[in-house]
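# Structure at a glance
Read off the chains here:
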Amino acid sequence: MTTVLHEKPNNSFILSKDKYIAIIEDVKQAKAKQTKKTVDYRRLNKYDVIEVDGKEKLIVPLTEDNGAILYYVHSEELFDLINETHLKIGHGGRTRIEKELKRKYKNITKEIITMYLRLCKPCQTKLSNPKKGLVSKHLIFKEFNSRCQVDLIDMQSNPDGKYKFILSLQVYTQLPGSFNQVHIVASFGNQKSRRSCLPAAGYLHDYWCPKCASIR
């Protein structure tokens, strides 16, 4: 990964180890000068140096508004830092890695993280074997075309004796190799009469109890 990074032209975010050490020395000299030039102020606005565990580290200058330390890293540190973060978050993707690294480091870009992910074999294996989406299976019933239609006909204006209503029950059943239709008619005296409906209800129960129904 380090070799690839050095081959990238005009990438100011990537610091080689030699350049990293040279900047540290330039910052220390600029801070020690009594009379500073424009280049010194520009350098001190961008970099500062602190000592961590006996080693000098390049950081973003601290301000009153922002006291969080952000480290600059050189190319030889990049792989280990990104790899450690990547494993810590369970082989998380670029966005999660970037979010974690931005809390502590300044110059680790999306491009560098993407380059690392191309080198991660488990992640590349996962991408080459995408998860299959859920496939819904059609529910197939031989009784799909079976249905029942019930009509209540009001004959109160022209009754037949005591019979004022007609119950019309039409049943359509799809059987293997055939399509059957049964039409049952029952007459009764009022809408609340249940006895006259029993033959139709009995037929539904004994011969046409649907296994699937669609309610709209």
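Residues numbered from 1 in each chain as written. Predicted model: local features only at pLDDT ≥ 70, side-chain atom pairs only at ≥ 80, totals over all residues. Heavy atoms only, no water.

## Things to note about the packing of helix α4 (residues 75–88) against helix α5 (residues 94–102)
It is the contact of α4 with α5, at a shortest axis distance of 10 Å, that shows an interaxial angle of 115°. For α4 against α5, the interelement crossing comes out right-handed. Here Leu81, Ile82, Thr85, His86 and Lys88 of α4 come into contact with α5, specifically with Ile97, Glu100 and Leu101. Its residues assigned to classes, the contact of α4 with α5 shows four nonpolar, two polar and two charged. (Axes fitted to C-alpha atoms, helices over the stretch in contact; angles between N-to-C directions. Helix = DSSP H or I, 4+ residues; strand = E, 2+ residues; numbered from the N terminus. Left-handed = near helix turned anticlockwise from the far one by under 90°. Contact = heavy atoms within 4.5 Å. Nonpolar A, V, L, I, M, F, W, Y, C, P; charged D, E, K, R; others polar.)

## Let's talk about the packing of helix α2 (residues 17–32) against helix α3 (residues 38–46)
For the pair α2 and α3, interaxial distance at closest approach is 9 Å and the crossing angle is 120°. For the element pair α2 and α3, the recorded crossing hand is left-handed. Between α2 and α3, the contacting residues are Asp26, Val27, Ala30 and Lys31 on the first element and Asp40, Arg43 and Leu44 on the second.

## Describing the pattern of salt bridges
Tallied over the entire structure, the rule returns eight salt bridges. Close ionic contact of Lys57 with Glu77 constitutes a salt bridge, the shortest N to O distance being 3.5 Å. Of this pair, Lys57 sits in strand β2 (residues 55–59) while Glu77 sits in helix α4, and the two are 20 residues apart along the sequence. For Lys57, a relative accessible area of 21% corresponds to the partly exposed category. A single salt-bridge network, built from bridges that share partners, covers Glu25, Lys28 and Glu56. (Salt bridge = Lys/Arg side-chain N within 4 Å of Asp/Glu carboxyl O. Buried < 20%, exposed > 50% of the residue type's maximum accessible area, 1.4 Å probe, protein only.)

## Focus on the pairing of β2
Side-chain direction in a regular strand flips from residue to residue, so the side chains alternate between the two faces of the sheet. When strand β1 (residues 48–52) meets β2, the two strands line up antiparallel, connected through five bridges. Residue pairing in the sheet places Ile50 in a bridge with Lys57 of β2. Counting the residues between successive antiparallel strands, the hairpin from β1 to β2 contains two residues, one of them, Asp53, with a positive phi of roughly 55°. (Pairing = 2+ DSSP bridges.)

## Remarks on the confidence of the model for the protein chain
Confidence in the prediction for the protein chain averages 77 pLDDT; 64% of positions are at 70 or higher. Mean pLDDT across the elements of the protein chain bottoms out in helix α8 (residues 198–207) (54) and peaks in β2 (96). Every residue in residues 210–216 is under pLDDT 50, and counting partners more than four places away or in other chains gives four contacts. (pLDDT = per-residue confidence, 0-100.)

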